[in-house]
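Chain and residue survey
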Amino acid sequence: MFKFDLKKAVLYTSVGVGCIAVLFAATVAPLGKILPGGHIGASEGAGNAGTEQTENEAVETAAEVNWGLSFRQAGQPPVGNATPEYLAKYNAYYIAGSNGKEDDSKSAKPVYLTFDAGYENGYTAEILDILKEKKVPAAFFLVGNYIEENPELVKRMEAEGHIVGNHTMHHPDMSAIADEEAFKSEIKELEDTYREAVGKEIPKFYRPPQGKYSEANLQQASRLGYTTLFWSLAYVDWLENDQPDETESINLLNKRIHPGAIVLLHSTSKTNSRILGQLIDGWKAQGYEFRSVSELGTGKV
């Protein structure tokens, strides 16, 4: 295997699977718009490249899809481009308490905090400190090079009660992988890497890189015993040289928080490391209860 690693562009080539995974430039969209590539707009009133979608237009099935969200009303759950009922067939979620498998008996306003990380940017230890201080569980979806290069941070995540999830070994477009053995290889290689670093089996939670997936992928992940987790709240936080304003970020996230939210943040974000404590305190004050994704799906631990 040849590996060329830059912070925001990771090039891997291997037998049968090649990928260039790039954290792409963001396009922002107003409420009610869905962006391609699985990410949503960070501000309103700007140009967009999405398509409008009503409550009744959420797709029941999918072939090859980029995960997307349509925010219709502040404080209310967004509409995904696949319905909770469709995702439930494959043990997949984008919002908790919405697919008939998990009710909200413990809390009327649960929230699930998750982070994606393709590389270490110097903020994860601070994020872990805040989570420990606030007694908040989280999930970290990691790729192979992150685990290889930061084993102590990964061990700390596990030791402090967080879930480390499978974000694949090489961060390819998984929707382009039709062969089940190739799909399995991406998942299993990451499992092996985690086991070598931590000495334990990785919890079986999977997040498709860039939110790109196919119906076959959902089936494949489920057959491997994984719960697939998309998200119902995210914003454009991954551009290292164009970090969002802290106040604007808090305002946007507060506007879009909703019961059952599966929140996606990037641990590479300086802004996130600065606002996380305030965000947690604010959501708790609104009655939200932070819960672990470990209670969801067949990936329960």
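Further up the page is the structure itself.
Criteria and thresholds
Residues numbered from 1 in each chain as written. Predicted model: local features only at pLDDT ≥ 70, side-chain atom pairs only at ≥ 80, totals over all residues. Heavy atoms only, no water. Helix = DSSP H or I, 4+ residues; strand = E, 2+ residues; numbered from the N terminus. Buried < 20%, exposed > 50% of the residue type's maximum accessible area, 1.4 Å probe, protein only. Contact = heavy atoms within 4.5 Å. Phe/Tyr/Trp six-rings, centres within 6.5 Å; stacked < 30°, edge-to-face > 60°. Lys NZ or Arg CZ within 6 Å of the ring centre and 35° of its normal. Salt bridge = Lys/Arg side-chain N within 4 Å of Asp/Glu carboxyl O. Core = buried A, V, L, I, M, F, W, Y, C linked by side-chain atoms within 4.5 Å. Axes fitted to C-alpha atoms, helices over the stretch in contact; angles between N-to-C directions. Parallel < 35°, antiparallel > 145°, perpendicular 65-115°, else oblique. Left-handed = near helix turned anticlockwise from the far one by under 90°. Nonpolar A, V, L, I, M, F, W, Y, C, P; charged D, E, K, R; others polar. Arc of directions from axis to C-beta. Polar contact = N/O pair within 3.5 Å; in protein donor to acceptor, adjacent residues only side chain to side chain.

1. Quick look at the environment of Gly 260
Checked against the element boundaries, Gly 260 lands in the loop between α7 (246-256) and β16 (261-266). Its relative accessible area of 0% is what places Gly 260 among the buried residues. Excluding residues that lie within four positions of it along the chain, Gly 260 makes contacts with Ile 95, Ala 96, Pro 110, Tyr 112 and Ser 232.

2. Focus: the packing of aromatic side chains
Summed over the entire model, instances satisfying the criterion amount to seven aromatic pairs. Between the aromatic rings of Trp 67 and Phe 230, the centroid separation amounts to 4.8 Å while the plane-to-plane angle is 25°, which identifies the pairing as stacked. Of this pair, Trp 67 sits in the loop between β6 (64-66) and β7 (69-70) while Phe 230 is found in the loop between β15 (227-229) and α7, placing the two residues 163 residues apart along the sequence. Phe 230 carries the same exposure label as Trp 67, and that label is buried. Ring centres of Trp 283 and Phe 290 lie 6.2 Å apart, and the angle between their planes is 25°; this geometry places the pair in the stacked category. The burial state of Trp 283 is the same as that of Phe 290; both residues are buried. Aromatic rings pair up to connect Trp 67, Tyr 94, Tyr 213 and Phe 230 into one cluster. Sitting above the plane of the Tyr 288 ring, Lys 109 keeps its charged end 4.3 Å from the centroid. A cation over an aromatic ring shows up here: Arg 256 above the ring of Phe 71, its NZ or CZ 4.3 Å from the ring centre.

3. Thoughts on the pattern of salt bridges
What the rule picks out here adds up to 12 salt bridges. Residue Glu 295 is joined to Arg 291 by a salt bridge in which the shortest nitrogen-to-oxygen separation is 2.8 Å. Accessibility expressed as a relative area gives 7% for Arg 291, which makes it buried. The network of salt bridges with shared partners includes Asp 129, Arg 156 and Glu 160.

4. Examining the nonpolar core
Counting 78 residues, the largest nonpolar core has Leu 113, Leu 131 and Trp 283 as the members making the most contacts within it. For this core, the element with the most residues is helix α5 (residues 180-198), which contributes seven residues.

5. Concerning the environment of Ile 275
Locating Ile 275 in the fold gives a position in helix α8 (residues 270-285). Look past the residues within four positions of Ile 275 in its chain and what remains in contact with it is Tyr 235, Glu 246, Ser 249, Ile 250 and Leu 253.

6. Considering the packing of helix α2 (residues 124-134) against α8
As a packed pair, α2 and α8 sit with axes 9 Å apart at the nearest point and diverge in direction by 20°. Between α2 and α8, the angle is such that the two are roughly parallel. Helix-helix and strand crossings are classified by hand; for α2 and α8 the assignment is right-handed. For the pair formed by α2 and α8, the contact residues are Glu 126, Ile 127, Ile 130, Leu 131 and Lys 134 on the first element and Ser 273, Leu 276, Gly 277, Ile 280, Asp 281 and Lys 284 on the second. Its residues placed into classes, the contact of α2 with α8 shows five nonpolar, two polar and four charged.

7. With respect to α7
Think of an α-helix as turning once every 3.6 residues; residues three or four places apart then point the same way. Residues of α7 that are buried: Ser 249, Ile 250, Leu 252, Leu 253 and Arg 256. Buried positions in α7, seen along its axis, are confined to an arc of 165° and lie on one side of it. Along α7, exposed side chains directed more than 90 degrees from the buried face belong to Thr 247 and Glu 248. Its buried side turned inward, α7 meets β16 and α8. Sitting at the head of α7, Asp 245 places a side-chain oxygen 3.1 Å from the backbone nitrogen of Thr 247.

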